[in-house]
Structures are given as structure tokens and as C-alpha cells.
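Breakdown of the fold
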Amino acid sequence: MILVFCDTEKKPYEQYEDIKRKINEFHGTLGAADEAAIFANPCTMQIIAKHWTDENLKSPAKAVNAPLVRKYTGVENYKGRADQIKEVMKYVIVENYADMCQRVEALDSNDSVAGSSNFDKFIKLFESDDSGWIDEINTNVEFYV
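Residues numbered from 1 in each chain as written. Predicted model: local features only at pLDDT ≥ 70, side-chain atom pairs only at ≥ 80, totals over all residues. Heavy atoms only, no water.

A count of helices and strands for the protein gives eight helices and three strands. Mapped in sequence order, the helices and strands of the protein form the string β-α-α-β-α-α-α-α-β-α-α. The globule rule puts the C-alpha radius of gyration for 145 residues at 15 Å, and the 16 Å found for the protein is close to it. Dimensions of the protein, computed from C-alpha atoms along their principal axes, come out at roughly 50 × 35 × 25 Å. The proportion of buried residues among the 145 residues of the protein is 39%. (Helix = DSSP H or I, 4+ residues; strand = E, 2+ residues; numbered from the N terminus. Rg over C-alpha atoms; globule rule 2.2 N^0.38 Å. Buried < 20%, exposed > 50% of the residue type's maximum accessible area, 1.4 Å probe, protein only.)

Okay, structure coming up:
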């Protein structure tokens, strides 16, 4: 199984919509992208920040989000450099995982709404003792030649 984690950062979400369309075309079904695409609006940092805060990001811009990153991790002037990412990820820990899950669950699941994600659906699947969901998704996104 291949899952795709997408950012929906550019209004009107053209690149994300194009990725979903291509996934659907490849699999020959309209629902394939909904089964295999995890999204974060506006960006992946939305999910990472949920480890520390209920605040929703309103922009994918690193400069806009740098104060929030600094507040919760101490990383100054966050620009997404490898050394900064490594430092930020030190704060994504097992002790705040449950908080992140609850915060992500509370997000809107409409991919065109800023501050949204469908990651909660996948968290529940990843944590399930029953791996049948993998076969179910594969069946739903079966490629038709």
C-alpha cells in the first residue's frame, strides 16, 4: 500500500486537487484519492504543531509560523533547514502523542478549509489491531486496466 501525505497550501488548492485527480485516474475510480491521500491544510507543520497546541496554522509560510515554532520548541527563526527540523522533531515525543491525536481529531476534515486534516482517520487505522483496513483500501483503489 502507498499512502500519500499532501499539503494543501496553495489556494485554490490546485496542486493538491491535481494530485487527487491523478490518483483517481490511475486507479480508475473517483474515490481512490480519498482512500490513499492524507492531507494537512495548510501544510504538514499543522500536524506537527498539534503535538503542542490547539492553534491552527493559517499559512504554510515558515516565516509566519516561526513564532509558534519558537514558542513550543525554542528553535529561533524557523526556516525548515535540516538542523532546525531535527531540533523541532525532538519535541514530537510519545508523551505528547495522545494530545496530538485528540487535537487532530478535532480538526475539520474538509480539505479546502484552513486548519483541516484527515489524519485522524489514518491514526485510527494505524493504531488498529485489525490490519484488514489495508486490504479494504487496496480493494477500493484497485487499478483497472
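Taken as a whole and assessed by the stated rule, the structure comprises five aromatic pairs. Both rings, one in phenylalanine 5 and one in phenylalanine 119, keep their centres 5.8 Å apart while their planes meet at 65 degrees; by these two values the pair is edge-to-face. Of this pair, phenylalanine 5 sits in strand β1 (residues 4-7) while phenylalanine 119 is found in helix α7 (residues 119-127), placing the two residues 114 residues apart along the sequence. With 6.3 Å between their ring centres and 40 degrees between their planes, phenylalanine 122 and phenylalanine 126 make a pair best called tilted. With phenylalanine 122 and phenylalanine 126 both in helix α7, this residue pair falls four residues apart, about one helical turn. (Phe/Tyr/Trp six-rings, centres within 6.5 Å; stacked < 30°, edge-to-face > 60°.)

Below, the discussion takes up unusual backbone geometry. Residue asparagine 41 is joined to proline 42 through a cis peptide bond whose omega torsion reads 10 degrees. Assignment of secondary structure puts proline 42 in the loop between β2 (37-41) and α3 (45-49). Unlike most non-glycine residues, asparagine 77 shows phi in positive territory, near 50 degrees. Residue position: asparagine 77 is located in the loop between α4 (62-73) and α5 (82-89). Residue asparagine 77 is classed as partly exposed on the basis of its relative accessible area of 48%.

Let us look at α4. With twelve residues, α4 should cover 16 Å at 1.5 Å per step; its first-to-last C-alpha distance of 14 Å lies more than 12% under that length. All of the buried residues along α4 are Asn65, Ala66, Leu68, Val69 and Thr73. Of the residues one or two after α4, glycine 74 is the one with positive phi, at around 80 degrees. (Expected span 1.5 Å × (residues − 1).)

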